[in-house]
Amino acid sequence: MGLTKLSLRRPVSVVIVISAIIIFGVMSIFGLNMQLSPDMEMPMFIVFTTYVGVSPEDIDELVTQEIEEAGGTLNGLKDIQSSSAENVSTVMFQYEYGTDMDQAYMDLLEVLNSNQNKLPEAASTPTIIELNMNAMATLVVSASADGDIDLLNYLDQDVVPEIERISDVAQVEVSGGKEAYISVCLNPQLMNQYGLSMSDVVTYINAANFNMPVGTAIQGKQSMNVSISAEYDTAEQLLSIPITTGKGSVIHLSDIASVKQSYKKGTSLSRYNSLDNVTLSITKRQSAGDVAVANSVKKVLDKIKAEDSGANFTIIYDSSKDVKDSLTAVFQTLLLGMALSMIILFLFFGDIKGSLIVGCSMPVSILLTLIAMYFVGFSLNVVTMGGLVIGVGMMVDNSIVVLESCFRKRDEDLDFFEAAEQGTKFVLNSIVASTTTTVAVFLPISMTKGLSGQMFGPLGFTIVFSLLASLISA
């Protein structure tokens, strides 16, 4: 009853508190990460090792069993599963939920490195693969050249570093395209004619690029270091490299060789709309939100486009769009539920003021819930928003009971102040018991461990937060 009396006797303070709830609630909305699903961690590593030309039986004896013994004493380890096939060994280490996976990775890497000498020399170094359900690319961007530029080199040297500077970006993978290089084709007959060997030509080409200090220049009171340099990084420049023959005469590379730009055989192929392209797959950090990362990357791409670099970018996949569409649909459902609740209240109460009073308790409860979600580190996703939708129907229950009790007291010729105080006091124990009982139902779901706990924990806690907020609001 202390909160009820305080609300009745300090209306200005209540207005200030509600204003603060609105302000901090709106700030929480913009501060919460927006993503499609809650952060989920799979506590397991897969150790992948290849040993070419070896049967499954030998792989199991020489590689798989050695890796199992090496990692079998690690802390937090729950289970080890392995499979041996021709040329390939796969060992999966599964840990208890709650294990520090960063430390577990370092421990596993250490024991594998220390036991590397027990594996056959021809076997590859074991590769540790971490399973991450949030490793799907946040953005997939198609890059194409608009003009005569080395697209793959431009992306590697200029675009990828700019994107990786974004703090929330974990990785940028480049696929497709061909790496350009300058091909120098020597003419054996001409080289014999000038008395040159291949090593001589290589030496002159390497020596053509230099950067050498030549002294200090003094201008007034200023002293400046002076250096000279030369760079040959295009086919036309390479053709003009001077070469001294065995007889002492000077020729140029163009006299004994042909120089042209060529392309290495690509390790991957990428196409978009039936045209060759280079694809950038951008993955966010686990703690980052899809929407924030997508917006930051789009700003960087817009900046690069404005510089007229000769590269065009087309966004093929944008996970933030799916997140926004999903959250918008849930938010519309939330608003529709609130509106229908007020209509139903009006039909039963027959009083528009009573419907508005109860209706106002819902946004206050929702904002209180969002503030609690922000402080515990939840994100806005389909699961937590679904919890809010479930909670909306329960939010008005306490307010309806309190308001109906206040109307009854008002019918006993009490004034509004006394009717509010007495009506709330009359049902206080009932609504507290009812809310506590419902919280007790959802709390075990919230405290569930393991993979299901990572999925349904935020759902349960969101409903618990909304119920407690509705109790305070009522």
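Scroll up to find the structure.
Now for a quick tour of the structure. (Residues numbered from 1 in each chain as written. Predicted model: local features only at pLDDT ≥ 70, side-chain atom pairs only at ≥ 80, totals over all residues. Heavy atoms only, no water.)

**Observations concerning the overall build of the protein chain**
This is how it is decided: The helix count covers DSSP runs of H or I at least four residues long, the strand count covers runs of E at least two residues long, and both are numbered beginning at the N terminus. The buried label applies to any residue whose accessible area, calculated with a 1.4 Å probe on protein chains only, is under 20% of its type's maximum; exposed applies above 50%, and partly exposed to all values in between. The contact criterion used throughout is that any non-hydrogen atoms of two residues lie within 4.5 Å. All accessible areas in this document rest on Shrake-Rupley with a 1.4 Å probe, and a residue is counted as covered only by the protein chains that are shown.
Helix and strand counts for the protein chain stand at 14 helices and 16 strands. A buried classification covers 36% of the 474 residues belonging to the protein chain. Within the protein chain, contacts between residues at least 6 apart in sequence are counted, and of these 73% link residues at least 24 apart. Element-wise, carbon and sulfur atoms account for 57% of the exposed surface of the protein chain, whose accessible area totals about 27200 Å².

**A look at the packing of helix α5 (residues 151–164) against helix α9 (residues 290–306)**
For clarity, the threshold we go by: Working convention: axes come from line fits to C-alpha atoms, limited for helices to the stretch in contact. Angles between N-to-C directions cover 0 to 180 degrees. The cut-offs work like this: below 35 degrees is roughly parallel, past 145 is roughly antiparallel, 65 to 115 is roughly perpendicular, and the gaps in between are oblique. For any helix crossing, the convention is left-handed if the near helix is rotated counterclockwise from the far helix by under a right angle, and right-handed if that rotation is clockwise.
Where α5 meets α9, the closest approach of the two axes is 9 Å, and the angle between their N-to-C directions is 140°. Relative to α9, α5 is oriented oblique. Judged by the twist between their axes, the crossing of α5 over α9 is right-handed. Across the interface between the two elements, Tyr154, Val159, Glu162 and Ile163 from α5 touch Val297, Val300, Leu301 and Ile304 from α9.

**Points about the side chain of serine 405**
Residue placement: serine 405 occurs in helix α12 (residues 382–411). By relative accessible area, serine 405 is classed as buried at 3%. When sequence neighbours within four positions are dropped, the list of residues in contact with serine 405 reads Gly423, Phe426 and Val427.

**Remarks on a positive patch on the surface**
Stated precisely, the cut-off is as follows: Each patch groups residues whose relative accessible area exceeds 30% and which form no salt bridge, using 9 Å between like charges and 5 Å between nonpolar side chains of Val, Leu, Ile, Met, Phe, Trp and Tyr. We count a salt bridge whenever a side-chain nitrogen from Lys or Arg sits within 4 Å of a carboxyl oxygen from Asp or Glu. Positive charges are assigned to Lys and Arg, negative charges to Asp and Glu, while His and the chain termini are left out of the count. Lysine's charge is taken at NZ, arginine's at CZ, aspartate's at CG and glutamate's at CD.
On the surface, Lys5, Arg9, Arg10 and Lys425 cluster together into a patch of positive charge. Among the structural elements, lysine 425 can be located in helix α13 (residues 416–446).

**Considerations on the sheet that holds strand β16 (residues 311–318)**
To be explicit about the condition: Between any two strands, pairing holds if DSSP finds at least two bridges.
What the four strands build is an open sheet, ordered β6-β15-β5-β16; its pairing is antiparallel. Every other strand in the sheet has two partners, leaving β6 (169–176) and β16 as the edge strands with one partner each. Averaged over all pairs of adjacent strands, the angle between strand axes in this sheet comes to 25°, irrespective of strand direction. The pairing of strand β5 (residues 139–145) with β16 spans seven bridges and is classified as antiparallel. Looking at the pairing, valine 141 lines up with isoleucine 315 of β16. Contacts between α9 and the sheet are confined to β5, β6, β15 (278–284) and β16, with β16 contributing the most and set at about 165° to the helix.

**Section: the sheet that holds strand β2 (residues 77–85)**
The strands making up a sheet are joined through hydrogen bonds of the backbone, oriented either antiparallel or parallel. Taken together, four strands build an open sheet; the order of strands is β2-β3-β1-β4 and the sheet is antiparallel. Strands at the two margins of the open sheet, each flanked by one partner only, are β2 and β4 (127–130). Averaged over all adjacent pairs, the angle separating strand axes in this sheet is 20°, with direction ignored. Pairing geometry for strand β1 (residues 44–50) and β4, over four bridges, is antiparallel. Residue pairing for β4: valine 47 is matched across the bridge by isoleucine 128. The strands that helix α3 (residues 56–71) touches are β1, β2 and β3 (88–95); relative to β2, the one it contacts most, it runs at about 165°. Packed on one face of the sheet, helix α4 (residues 101–114) meets β1, β3 and β4 and runs near 25° to β1.

**Comments concerning the environment of valine 174**
Tracing the backbone through its elements, the reader meets valine 174 in strand β6. Taking the relative accessible area as the measure of exposure, valine 174 reaches 29% and is therefore partly exposed. Setting aside chain neighbours within four positions, we find valine 174 in contact with Leu152, Asp156, Val160, Val278, Thr279 and Leu280.

**What to know about empty space enclosed by the protein**
Note the cut-off: With a 1 Å grid laid over protein atoms only, a set of points is called a cavity when a 1.4 Å probe fits there but cannot get out and a pocket when it is open yet has protein on both sides within 12 Å along at least five of seven lines; lining residues have an atom within 4 Å of a point. Grid points are joined across faces, edges and corners, and a volume is the space filled by probe spheres set on the points. Residue polarity is assigned by list, with Asp, Glu, Lys and Arg as charged and Ala, Val, Leu, Ile, Met, Phe, Trp, Tyr, Cys and Pro as nonpolar; anything else, Gly included, falls into the polar class.
Across all of its chains, the model carries one cavity of 30 Å³ or more by this definition. Its boundaries defined by the atoms lining it, the largest cavity holds a volume of some 30 Å³. Surrounding the largest cavity, Glu66, Ile67, Ala70, Leu112, Asn115 and Leu119 form its lining. Among the elements that make up the lining of the largest cavity, the one with the highest residue count is α3 (three residues). Looking at side-chain class alone, the lining of the largest cavity contains four nonpolar, one polar and one charged residues.

**Notes on unusual backbone geometry**
Across residues other than glycine, the phi torsion is negative in most instances, and most of the peptide bonds are trans. Its identity is not glycine, yet asparagine 87 carries a phi of approximately 80°, on the positive side. As for its placement among the helices and strands, asparagine 87 is situated in the loop between β2 and β3.

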